[in-house]
Amino acid sequence: MVQLRLMGDDADRVREVAALVLAALRGHPALQLGDAAELTNRRGPGVRVVFDVSTANAAGPYWVHAERVDPAATPARQRPARRPPALGAG
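Predicted model only: the values in this text are computed from it and were never measured.

Our focus in this paragraph is the pattern of salt bridges. Taken as a whole, this structure holds 3 salt bridges when the rule is applied. Among the ionic pairs, R15 bridges to D12, the shortest N-O distance being 3.4 Å. Linking R15 with D12, this pair stays in helix α1 (residues 11–26), spanning 3 residues, or about one helical turn. By relative accessible area, R15 is classed as partly exposed at 36%. Taking the relative accessible area as the measure of exposure, D12 reaches 56% and is therefore exposed. A salt bridge links R13 to E16; the shortest N-O distance between them is 4.0 Å. One end of the pair, R13, and the other, E16, are both in helix α1, 3 residues apart, so they sit about a helical turn from each other. When salt bridges that share partners are traced, they join D12, R15 and E38 into one network.

The next thing to look at is the side chain of R48. Mapped onto the elements, R48 comes out in strand β4 (residues 47–55). A distance of 3.3 Å separates the side chain of R48 from the backbone oxygen of T40, its partner in a polar contact. Apart from residues no more than four positions distant in its own chain, R48 is found in contact with R5, L6, M7, A37, E38, L39, T40, N41 and R42.

Turning our attention to the environment of L22. Tracing the backbone through its elements, the reader meets L22 in helix α1. Once the C-alpha coordinates of L22 and G34 are considered, the two residues, 12 residues apart in sequence, prove to be 9.9 Å apart. Sequence-distant contacts of L22, defined by excluding residues within four places in its chain, comprise L33, A36 and F51.

What follows is about the environment of S54. Counting through the fold element by element, S54 comes out in strand β4. On a C-alpha basis, the gap between S54 and G34 in space is 8.4 Å, while along the polypeptide they are 20 residues apart.

Quick look at the environment of V53 now. Within the element layout of this structure, V53 appears in strand β4. Each C-alpha atom of the pair V53 and Q32 lies 5.8 Å from the other, and the pair is 21 residues apart in sequence.

Counting residues in each nonpolar core, the largest one holds 10 residues, listed as A11, V14, A18, L22, L25, L33, V47, V49, F51 and V53. Going through the elements one at a time, α1 and β4 are the ones with two or more residues in this core.

The rules behind the values
Residues numbered from 1 in each chain as written. Predicted model: local features only at pLDDT ≥ 70, side-chain atom pairs only at ≥ 80, totals over all residues. Heavy atoms only, no water. Salt bridge = Lys/Arg side-chain N within 4 Å of Asp/Glu carboxyl O. Helix = DSSP H or I, 4+ residues; strand = E, 2+ residues; numbered from the N terminus. Buried < 20%, exposed > 50% of the residue type's maximum accessible area, 1.4 Å probe, protein only. Polar contact = N/O pair within 3.5 Å; in protein donor to acceptor, adjacent residues only side chain to side chain. Contact = heavy atoms within 4.5 Å. Core = buried A, V, L, I, M, F, W, Y, C linked by side-chain atoms within 4.5 Å.

Structure follows, in structure tokens:
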């Protein structure tokens, strides 16, 4: 999958251009777009708009959903109780 990033110092201008680019790409039948995410710009004022682009699947569009698993919320595996070692004849 390819990721596109639109960024600039003028947040309103970035949002305006991103809306136009997303609309144009969504209209192309050979492309499939992921959801756009707006991030703050690391190097100064403004924003970054990031989204994934891939070729359309011949079987139709597909969506991928992933969830983070919190280890604290899932029960730990329990090991079976160990039997004490047998004492040798002495």
